[in-house]
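The lines below spell out each chain.
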Amino acid sequence: MEDTLIISKFADEATREEAFGLLLKKYQQKIYWHVRRMVIDHDDADDVVQDIFIKVWRNLGNFREDSQLYTWLYRIATNECITFLNKKKQKQNVSLDDGTSAYLAESLSDGSYFNGDKAQLKLQQALLTLPEKQKLVFNMKYFDDMKYEEISDVLGTSVGALKASYHLAVKKIEHFFHTHD
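Just so it is clear, the model here is predicted, and its values are computed rather than measured.

Points about the overall build of the protein
When you go through the protein residue by residue, the secondary structure sums to nine helices and zero strands. Ordering the α and β elements of the protein from the N terminus gives α-α-α-α-α-α-α-α-α. Residues counted as buried form 44% of the 181 residues belonging to the protein. Looking at the protein alone, contacts between residues at least 24 apart form 58% of all its contacts between residues at least 6 apart. Of the roughly 10,100 Å² that the protein leaves accessible, carbon and sulfur atoms contribute 48%.

Section: the environment of Lys-147
Within the secondary structure, Lys-147 is located in the loop between α7 (132-143) and α8 (148-155). Along the sequence, Lys-147 and Val-159 sit 12 residues apart, while their C-alpha atoms lie 9.5 Å from each other.

Overview of the environment of Asn-139
Summarising the element assignment, Asn-139 is placed in helix α7. Between the alpha carbons of Asn-139 and Arg-37 there is a distance of 7.3 Å; along the sequence they are 102 residues apart. Once residues within four sequence positions are removed from consideration, Asn-139 is found in contact with Arg-37, Met-38, Leu-127 and Asp-144.

Looking at unusual backbone geometry
Within the chain, Ile-40 stands out as a residue other than glycine whose phi angle is a positive 70°. Relative to the elements of secondary structure, Ile-40 occurs in the loop between α2 (16-39) and α3 (42-59). Within the chain, Asp-145 stands out as a residue other than glycine whose phi angle is a positive 55°. Tracing the chain through its elements places Asp-145 in the loop between α7 and α8.

A closer look at the packing of helix α4 (residues 69-92) against α7
Put simply, α4 and α7 touch, their axes get as near as 12 Å, and they point 145° apart. α4 and α7 meet at a crossing whose hand is right-handed. Contact residues: α4 offers Thr-78, Ile-82, Leu-85 and Asn-86, while α7 offers Glu-132, Leu-136 and Met-140.

Some thoughts on the pattern of salt bridges
Within this structure, the stated rule accounts for eight salt bridges. A salt bridge links Glu-13 to Arg-16; the shortest N-O distance between them is 3.2 Å. Taking the relative accessible area as the measure of exposure, Glu-13 reaches 63% and is therefore exposed. When the shortest N-O distance is used, the salt bridge between Asp-66 and Arg-64 registers 3.1 Å.

Section: the packing of α4 against α8
Interaxial distance between α4 and α8 falls to 8 Å at its minimum, and their mutual angle equals 55°. Between α4 and α8, the crossing angle belongs to the class labelled oblique. Here α4 runs over α8; the crossing is right-handed. On α8, the residues touching Tyr-70, Thr-71, Tyr-74, Arg-75 and Thr-78 of α4 are Glu-150, Asp-153, Val-154 and Leu-155. Looking at the contact of α4 with α8, its residues break down into four nonpolar, two polar and three charged.

Examining the environment of Gln-134
Along the chain, the position of Gln-134 falls in helix α7. Here Gln-134 falls in the buried class, since its relative accessible area comes to 9%. Here the alpha-carbon distance between Gln-134 and His-167, two residues 33 residues apart in the chain, equals 9.0 Å. Not counting residues up to four positions away in its chain, the partners in contact with Gln-134 are Ser-165, Leu-168, Ala-169 and Lys-172. Engagement of the side chain of Gln-134 in a polar contact is seen with the side chain of Lys-172, the distance being 3.2 Å.

Thresholds applied
All residue numbers refer to position in the chain's written sequence, counted from 1. Two thresholds apply to this predicted model, a pLDDT of at least 70 for residue-level local features and 80 or more for giving and counting side-chain atom pairs, whereas whole-chain, interface and lining totals are computed over all residues. As a rule here, side-chain values come from all non-hydrogen atoms in the structure, and water together with hydrogens is ignored. We count a stretch as a helix when DSSP gives it H or I for four or more residues in a row; a strand needs E for two or more, and each element gets its number in order from the N terminus. Burial classification: accessible surface area is computed with a 1.4 Å probe over protein chains only, and a residue below 20% of its type maximum counts as buried, one above 50% as exposed, and the rest as partly exposed. Residues are treated as being in contact if the distance between any of their heavy atoms lies within 4.5 Å. Shrake-Rupley sampling with a 1.4 Å probe provides the accessible areas, and residues are treated as covered by the protein chains on show and by no other component. An axis is simply a line fitted to the C-alpha atoms; with a helix, the fit covers only the stretch in contact. Between two such axes, the angle follows the N-to-C directions and lies from 0 to 180 degrees. Definitions for this section: a left-handed crossing has its near helix turned counterclockwise from the far helix by less than a right angle. A right-handed crossing has that turn clockwise. Just to be clear on terms, a salt bridge is a Lys or Arg side-chain nitrogen sitting within 4 Å of an Asp or Glu carboxyl oxygen. Here roughly perpendicular refers to angles of 65 to 115 degrees, roughly parallel to angles under 35, roughly antiparallel to angles over 145, and oblique to all remaining angles. Each residue is assigned to one class: nonpolar for Ala, Val, Leu, Ile, Met, Phe, Trp, Tyr, Cys and Pro, charged for Asp, Glu, Lys and Arg, and polar for all the others, Gly among them. For the purposes of these results, a polar contact is taken to be a pair of N or O atoms within 3.5 Å, where, inside protein, one atom must be able to donate a hydrogen and its partner to accept one; residues adjacent in sequence count only when each atom of the pair is a side-chain atom.

This is the structure in structure tokens:
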């Protein structure tokens with residue numbers, strides 16, 4: 001389903017719900033996993049994804065098509081993740097680098113996030129040690145297979161800075177793997 005068709009159907013009151021259903025079918029799973037890798041917990045991810053698609057429903061009629069639809073969706077999703085994590089950090093009154101990382105690391109192994117693949121679990125634990133921006137860049141590049149130009153559109157950061165963030169993230173992950181055998 002072409003994004004332009006979804007957008008044009010959404011603009012028509014008679015086909016708006018059909019268009020939104022098509023958008024969900026095409027993007028909901030990708031957005032869910034993008035969010036899940038940031039917030040870790042399934043229930044939190046579900047809540048954030050619901051908030052994202054409520055925003056999309058309210059704002060899709062104003063989408064100007066000056067970027068690709070999925071870039072626009074990822075930008076909304078990323079901003080919602082950051083907002084959610086900041087609220088969580090304030091509630092717990094700790095920085096994400098302190099107690100929250102330990103809590104999230106514990107919930108990784110307790111939850112239904114993985115099917116038991118130890119390497120994948122270790123990678124996710126390593127990701128929790130990264131600063132937020134490096135984690136975002138790594139997730140979009142590694143898991144979502146996005147090009148630097150696309151990530152740049154989502155995050156509003158230069159391609160050079162994104163490459164540096166990704167490189168630093170990879171180095172920190174490698175270090176984590178070497179020191180946590």
